[in-house]
Amino acid sequence: MTYEEVLAAARTCVGPYCKACPVCNGLACRNTMPGPGAKGLGTGAIRNYQKWQEVLVNLDTICENKPADPSVTLLGRRFAAPFFAAPIGALKLHYGDKHDDLSYNNILVPACAEEGIAAFTGDGTDPRVFEGACAAIRRSGGAGIPTVKPWDRDTLLQKLEMAKAAGPAAIAMDIDAAGLPFLQNLTPPAGSKTVEELREVVAACGDLPFILKGIMTVRGAEKAAAAGAKAIVVSNHGGRVLDQCPATAEVLPAIADAVGRELTILVDGGIRTGMDVFKALALGAHGVLIGRPFVPALYGGGAEGVALYVRRLKAELVDTMAMCGVHTVAEIDRSCITW
């Protein structure tokens, strides 16, 4: 299969809200929730995508002629490229009946591991979702990162024990999920956490790095560091929790400048190509998460579709590195872009 054939196949089984667009830019799905769109006016996902397009890369081929290496060490593990599949949940609700969270993770996690990257997995009110995600990670030799919702204390501690048993690279929490309309007034309850409450979560993770996803300000990043997080994900949850937020590309540089030497900085939101990955690294991220495009890749082509998309991203990143005169991820900095 080609990637274009994967998208064509996805259009026959994904939806009705996701259109498996050639470019996943938030325009066709806009404010469809349930569905892959954004909250309120639906401009959050659109803005995330658009701001990466406004960052330009600087061509420079006066350099040594040798292959570019996209591999990177993050959180104590070596990965083939500096990008991950982001956590996606409630698949049937948002993307149609072909897959549920269990079948999605059972395909995504090993497919990503086979390509040398890791998949973040999601969570849900149904306990089987997190149990299944952890089982998929365990079967793949720990090549995944379970992401827990900001539940009440007892639920959190129970799920963290389950996550540790899977032997993952790290454990994450999408703290901004406290604003998801699907989690309001449900059991178990989910909500915001104080720095002190997060310190208990970090302690419960033991030796595993804790990643806090949903950071959009320098102040938030500093609080994550104070809580003991080893990494953050600069993220507005794809525009799905708060309307009229800045794009992640807009806030990333200031956050990276403030805590980039102290924390591993990841970023998501509208990143779609290997060139977008390059731009995010140049703005200060150590790695990126990509969410929505993995869904049509998997719906349309299963594990093969996931592999095709990952290889496409790698090839685009390597090409951009070569044309901008850098040969390793560590060499990518703000001199490589115009913004």
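Here, every reference points to the structure presented above.
What follows concerns the pattern of salt bridges. Oppositely charged side chains may form a pair once their charged atoms are brought near each other. For the structure on display, the rule yields 17 salt bridges. We note a salt bridge from Glu-250 to Lys-51, for which the minimum N-O separation is 4.0 Å. Here Glu-250 is found in helix H9 (residues 248–259), whereas its partner Lys-51 is found in helix H2 (residues 43–54), with 199 residues between them in sequence. In this structure, the salt-bridge partner of Glu-200 is Arg-153, at a minimum N-O distance of 2.6 Å.

Once that is clear, we can look at the packing of aromatic side chains. Within a pair of aromatic rings, the relevant descriptors are the distance that separates the centres and the angle that separates the planes. Here the structure, examined in full by the defined rule, presents four aromatic pairs. Seen in terms of ring centroids, Phe-84 and Phe-120 are 5.7 Å apart; in terms of plane orientation they differ by 80°. Their pairing is edge-to-face. Here the residue Phe-84 occupies a position in strand E4 (residues 83–85), and Phe-120 occupies one in strand E5 (residues 119–121), the gap between them amounting to 36 residues. The same class applies to Phe-84 and to Phe-120, which are both buried.

Secondary-structure assignment places Ile-290 in strand E11 (residues 287–290). Of the residues examined, Ile-290 reaches a relative accessible area of 0% and is grouped as buried. The sequence separation of Ile-290 and Met-1 amounts to 289 residues, and the corresponding C-alpha distance is 22 Å. When sequence neighbours within four positions are dropped, the list of residues in contact with Ile-290 reads Phe-84, Ala-85, Ala-86, Ile-271, Arg-272, Val-277, Tyr-309 and Leu-313.

Taking 1.5 Å of rise per residue, 30 residues should cover 44 Å, yet helix H11 (residues 294–323) covers just 27 Å from first to last C-alpha, more than 12% shy of that figure. At Gly-301, H11 shows its largest bend, some 140°. Downstream of H11 by one or two residues, Gly-325 has phi in the positive range, about 75°.

For the rest of this paragraph, the subject is the pairing of strand E8 (residues 210–215). Across the six residues of E8, six count as buried, placing the element largely inside the fold. In this structure, strand E7 (residues 171–174) lies alongside E8, joined through four bridges in parallel fashion. Across the sheet, residue Asp-174 finds its bridge partner in E8, namely Lys-213. Across four bridges, the pairing between E8 and strand E9 (residues 231–234) is parallel. Residue pairing in the sheet places Lys-213 in a bridge with Val-233 of E9.

Moving on: the environment of Gln-158. Residue placement: Gln-158 occurs in helix H6 (residues 153–165). Residue Gln-158 is classed as exposed on the basis of its relative accessible area of 56%. Taking the C-alpha atoms as reference points, Gln-158 and Ala-204, separated by 46 residues in sequence, lie 9.8 Å from one another.

Another aspect to go through is H2. The end-to-end C-alpha separation of H2 is 16 Å, in line with the 16 Å expected for 12 residues at 1.5 Å each. All of the buried residues in H2 are Gly-44, Ala-45, Ile-46, Asn-48, Tyr-49, Lys-51 and Trp-52. On its buried face, H2 is in contact with H9, strand E10 (264–267) and helix H10 (274–282).

Let us look at the pairing of E7. Looking along a regular strand, one sees the side chains alternate between the two faces of the sheet. The two faces of E7 match: Ile-171 and Met-173 on one face and Ala-172 and Asp-174 on the other face are all buried. Where strand E6 (residues 144–148) and E7 come together, two bridges link them in parallel fashion. Residue pairing across strands places Val-148 opposite Met-173, the latter belonging to E7. For the crossover that starts at E6, traverses H6 and ends in the parallel E7, the hand is right-handed.

Okay, the packing of helix H4 (residues 101–114) against helix H5 (residues 127–139) next. Packing of H4 against H5 brings their axes to within 9 Å, and their N-to-C directions diverge by 15°. Looking at the two axes, H4 sits roughly parallel to H5. Judged by the twist between their axes, the crossing of H4 over H5 is right-handed. Contacts from Asp-101, Leu-102, Asn-105, Asn-106 and Val-109 of H4 reach H5 at Arg-128, Val-129, Gly-132, Ala-133, Ala-136, Ile-137 and Arg-139. Of the residues that constitute the contact of H4 with H5, the class distribution is six nonpolar, three polar and three charged.

Cut-offs and rules
- Residues numbered from 1 in each chain as written.
- Predicted model: local features only at pLDDT ≥ 70, side-chain atom pairs only at ≥ 80, totals over all residues.
- Heavy atoms only, no water.
- Salt bridge = Lys/Arg side-chain N within 4 Å of Asp/Glu carboxyl O.
- Helix = DSSP H or I, 4+ residues; strand = E, 2+ residues; numbered from the N terminus.
- Phe/Tyr/Trp six-rings, centres within 6.5 Å; stacked < 30°, edge-to-face > 60°.
- Buried < 20%, exposed > 50% of the residue type's maximum accessible area, 1.4 Å probe, protein only.
- Contact = heavy atoms within 4.5 Å.
- Expected span 1.5 Å × (residues − 1).
- Bend = angle between axes of the 7 residues up to and from the residue.
- Pairing = 2+ DSSP bridges.
- Right-handed = clockwise from strand over helix to strand, strands pointing away.
- Axes fitted to C-alpha atoms, helices over the stretch in contact; angles between N-to-C directions.
- Parallel < 35°, antiparallel > 145°, perpendicular 65-115°, else oblique.
- Left-handed = near helix turned anticlockwise from the far one by under 90°.
- Nonpolar A, V, L, I, M, F, W, Y, C, P; charged D, E, K, R; others polar.

Treat this as a map of the structure, not an account of what it does.
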